[in-house]
Amino acid sequence: MLSVIDALAIVLSKALPVISESVALTAALNRVLAVDLLTPHDSPPFHKSLMDGFAVTTSAADDQEMIRLAVVETITAGMVPSKAVTTKNAVRIMTGATLPANCDCVVPIEQVQFDEDAPDHVVIPRDSIFAEANLMRQGSAARKGTQLLTAGTQLHPQQIAALAEFGQSCVPVYRRPTVAVLATGDELIACDQPLRPGAIRNSNEPMLMSQAATCGACPVSLGVARDTVAELSLGIQQGLEHDVLLLSGGVSAGTLDLVPQQLAAAGVEQIFHGVNMKPGKPLWFGTRHRESRTTLVFGLPGNPVSSLVCFELFVRPALRKISGSTSQNPSGLAARLSQSFAVKGSRPVYQPAVISIHDGQILVRPVAWNGSSDLKATVEANGMALLSSAHGPYTAGDLVPVWFWGDGRIG
Ligand code: AMP
Ligand code: MG
């Protein structure tokens, strides 16, 4: 059977970035930049003072211990100086203001003295005057035409700020992919319905919608399809209008597991069915191409923890790539097991777990879990550990790969 690594490589080979669009800078947070951007001007755009103090030229430092200079101008941030500094004069200057011509030193105000009899003069210790002190040269952070950001970068607050600094009020980003979610099953009832014999509430749909939202995608609910050809084919048709179609349930070997045949009938090409993992073994994956659009179709096994784990292992990395991100798919962090653990069966287990950091070390504690239908156990977990009988039995302190779920935050 296909390994998780091979299955993921196949999924990623089919996941291609969506087209781009331009959005206002204020709407660009967490979006993925679609083009390489060069700096359109120097940063800083002018020589500037880093201190409140006095702009001077180091040529003013003669053999006197205290240098007395005439103050010819006061420059605050935003002003443009009109006078140059000379060996005889200084300019009072504020942080962020443009340096006067000839200035190669700013002496902080705390280091100077004033002469009460000559208020238009300042007295500066010679030791406070040295070249390039307390100033920032034009272009010293970035020269015009150097690389600012590369395509595929997700825009966090610091990148948003850099875009603002360089006047990028309109930002080319990849379109947010749309993800249709179709739950399948005769037994499913909505969350606001009372339980009746044999029925269970549809928890996969809100889970998958939430997972898609944490990827920055646009989730679209297609409701529940009963296990009938008519309802499944209608739901699938609607789902194929989107970048990604997630179905939950109906991909195993039951008599009403009609999803693979209905996907085939809708023209979706099966790429694989079945992955060597627990939970999630019946995972189905295929693609459908029409005109310029490719829809990735995931038939997720209906058991809630199978759906959850398959999303994290396959759908999240696929959405990252479709969204244009070039960030690496995390291969798992190495965490120390808090307790011994015996793996049942031969398939690699993606075990719900609590991942935490203690004294700079990543620790992982498997939660008590009764398998793929035990959703309740996952509310305690914030991620999963990969445990396999090939490497076990495990003892406390063993290093195992772990992944955070969702946006990867601890706690
Ligand atoms: P299936 O993959 O359709 O055979 O479903 C496997 C198990 O998952 C069954 O016990 C289903 O009742 C359950 N299941 C399927 N879909 C959902 C859903 N949307 N929400 C919660 N449980 C589900
Ligand atoms: Mg079913």
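Residues numbered from 1 in each chain as written. Chains lettered and ligands numbered in written order. Predicted model: local features only at pLDDT ≥ 70, side-chain atom pairs only at ≥ 80, totals over all residues. Heavy atoms only, no water.

With mixed pairing, the six strands of this open sheet are ordered in space as β7-β4-β6-β5-β9-β8. A strand with exactly one partner marks an edge of an open sheet, and here the two such strands are β7 (105-108) and β8 (113-114). In the sheet, β8 pairs with strand β9 (residues 121-125) via two bridges, with the strands oriented antiparallel. Bridge pairing in β9 links phenylalanine 114 to valine 122. (Pairing = 2+ DSSP bridges. Helix = DSSP H or I, 4+ residues; strand = E, 2+ residues; numbered from the N terminus.)

Before going further, it helps to spend a moment on the sheet that holds strand β25 (residues 399-404). For sheets, the rule is that strands pair by backbone hydrogen bonds, running either parallel or antiparallel. In space, the five strands of this closed barrel follow the order β21-β23-β22-β24-β25, with mixed pairing throughout. Between one strand axis and the next, the sheet turns through 50 degrees on average, direction left out of account. (Axes fitted to C-alpha atoms, helices over the stretch in contact; angles between N-to-C directions.)

Our next topic: the site of ligand 1. Residues in close proximity to ligand 1 total 16 residues, the closest being Glu187, Asn202, Gly250, Gly302 and Asn303. Note that a nitrogen atom of ligand 1 is positioned 3.2 Å from one of the backbone N or O atoms of asparagine 204. A distance of 2.9 Å separates an oxygen atom of ligand 1 from a polar atom in the backbone of glycine 302. Isolated, ligand 1 exposes 480 Å² of accessible area, and the fraction of that covered by the protein chains is 79%. Those elements that provide at least two residues to the shell around ligand 1 are β13 (178-184) and β15 (200-201). When the residues that make up the shell around ligand 1 are grouped by side-chain class, the tally is four nonpolar, nine polar and three charged. (Near = heavy atom within 4 Å. Polar contact = N/O pair within 3.5 Å; in protein donor to acceptor, adjacent residues only side chain to side chain. Areas by Shrake-Rupley, 256 points an atom, 1.4 Å probe, with all protein chains shown as cover. Nonpolar A, V, L, I, M, F, W, Y, C, P; charged D, E, K, R; others polar.)

This part covers the domain arrangement of the protein. According to the domain assignment, the protein contains domain 1 (4-19 + 175-322), domain 2 (20-43 + 140-174), domain 3 (48-136) and domain 4 (333-404). Here the C-alpha centre of domain 3 lies 68 Å away from the C-alpha centre of domain 1. (Domains from an automatic or database assignment.)

Now for the packing of aromatic side chains. Taken as a whole and judged by the stated rule, the model has four aromatic pairs. Plain terms: the ring middles of phenylalanine 272 and phenylalanine 285 are 5.5 Å apart, the flat faces sit at 35 degrees to each other, and that makes the pair tilted. Here phenylalanine 285 lies in strand β19 (residues 284-290) and phenylalanine 272 lies in strand β18 (residues 269-273), a separation of 13 residues in the sequence. Using a relative accessible area of 0% as the deciding quantity, one classes phenylalanine 285 as buried. Feature note: the residues Phe272, Phe285 and Phe298 constitute an aromatic cluster, connected by ring pairs. (Phe/Tyr/Trp six-rings, centres within 6.5 Å; stacked < 30°, edge-to-face > 60°. Buried < 20%, exposed > 50% of the residue type's maximum accessible area, 1.4 Å probe, protein only.)

This paragraph deals with the packing of helix α1 (residues 4-14) against helix α6 (residues 304-322). The description of two packed helices rests on the angle between their axes and on the distance between the axes. It is at 9 Å that the axes of α1 and α6 come closest, and there the two elements cross at 30 degrees. By the angle between their axes, α1 is roughly parallel relative to α6. Judged by the twist between their axes, the crossing of α1 over α6 is right-handed. Between α1 and α6, the residues in contact are Val4, Ala7, Leu8, Val11, Leu12 and Ser13 and Leu313, Phe314, Pro317, Ala318 and Lys321, respectively. When its residues are assigned to classes, the contact of α1 with α6 shows nine nonpolar, one polar and one charged. (Parallel < 35°, antiparallel > 145°, perpendicular 65-115°, else oblique. Left-handed = near helix turned anticlockwise from the far one by under 90°. Contact = heavy atoms within 4.5 Å.)

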